[in-house]
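Residue-level listing of the chains:
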Amino acid sequence: MAKLFGNLNLVFGIGLVAAIAVMLGFADSAPVDPNSILRWMHVFFGILWIGLLYYLNFVQVPTMPSIPAEQKGAITGHIAPKVFFFFRYAALFTLLTGLGISIVDGYGHAALTLTGEGNVKLIGVGMWLAIVMAFNVWFIIWPAQKKILGIVDATAEEKAAAAPRALIASRTNLLLSLPMLYCMASANLG
C-alpha cells in the first residue's frame, strides 16, 4: 500500500480512471459531453491554481523570513520552482477550460462583453477577474520569480526590485480571487 501511495503519478492515474468510471457509470443521469468534461477540468485546474495561490500567500511567503538562511535553498531551489510550474500552468488551463465552457455553452461573447443577462453578466465579471489574475501570473509574478529564484541571471538589485512586484501581483490575485470565486460559484448555481 505504501508503494502505491508513494507513487504520485500512479495515484493520479488511478484517480483519473476512477473519475472516468464514475462518469461512465452515471452517464444516463449526468451525460458526458464536451461541457461536462470542460467543467470537470475547469474545477480541477481551478482548485490547483487557487490552492497554490493560497499556499503561497498564507504559508510560503509569510514563513520565508523565519527560515534560517542556510535552509532557504531547499525552498527556493527545489520546492518553489515546482510550485510555480504547477501554479502558472494551472492558471493557463483554468482560463482555457473556462473560455471553452463559455464557447460550448454559447455565452462567451455576451459574458466577455458584459452584455448578457443575469448570471451571464456575473460569470463575465468572474471571467475578467480570472483573466487579470492569469495575466498577473504569467507576465508579472513568473518573470519576477525567475529572478528571485535564480532561474534567470539577475543582479541583487534586480532581485530586490522583483520581490515587491511579485508580492503585489500575488496579493492582488488573492484579493481578486474572492470576488472571482463568488462570481463563478453563484453564476453556476442559479
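Let me sum up the structure you'll find in this document. Because the structure is a prediction, the values reported are computed rather than measured.

1. Remarks on the overall build of the chain
Of the regular secondary structure elements, the chain holds seven helices and zero strands. Its helices and strands in sequence order give the chain the pattern α-α-α-α-α-α-α, from N to C terminus. Taken over the C-alpha atoms alone, the chain extends approximately 55 × 50 × 25 Å along its principal axes. Residues counted as buried form 32% of the 190 residues belonging to the chain. Sequence separation of at least 24 residues holds for 69% of the intrachain contacts in the chain that already meet a minimum separation of 6.

2. Here's the deal with the packing of helix α4 (residues 69-104) against helix α6 (residues 119-148)
At a closest axis distance of 10 Å, the pairing of α4 and α6 adopts a crossing angle of 155 degrees. Between α4 and α6, the angle is such that the two are roughly antiparallel. Seen from above, α4 lies across α6 with left-handed handedness. Side by side, α4 and α6 meet where F84, F87, R88, Y89, A91, L92, L95, L99 and S102 of the first sit next to M127, A130, I131, A134, V137, W138, I141, W142 and Q145 of the second.

3. Quick word on the packing of helix α2 (residues 8-25) against helix α3 (residues 34-63)
Close contact between α2 and α3 brings their axes to 13 Å; oriented N to C, the two are set at 145 degrees. Remark: the crossing between α2 and α3 carries right-handed chirality. Contacts from F12, L16, A19 and M23 of α2 reach α3 at I37, W40 and F44. Split by residue class, the contact of α2 with α3 holds seven nonpolar, no polar and no charged.

How each quantity is defined
Residues numbered from 1 in each chain as written. Predicted model: local features only at pLDDT ≥ 70, side-chain atom pairs only at ≥ 80, totals over all residues. Heavy atoms only, no water. Helix = DSSP H or I, 4+ residues; strand = E, 2+ residues; numbered from the N terminus. Buried < 20%, exposed > 50% of the residue type's maximum accessible area, 1.4 Å probe, protein only. Contact = heavy atoms within 4.5 Å. Axes fitted to C-alpha atoms, helices over the stretch in contact; angles between N-to-C directions. Parallel < 35°, antiparallel > 145°, perpendicular 65-115°, else oblique. Left-handed = near helix turned anticlockwise from the far one by under 90°. Nonpolar A, V, L, I, M, F, W, Y, C, P; charged D, E, K, R; others polar.

By themselves these figures say nothing about function.
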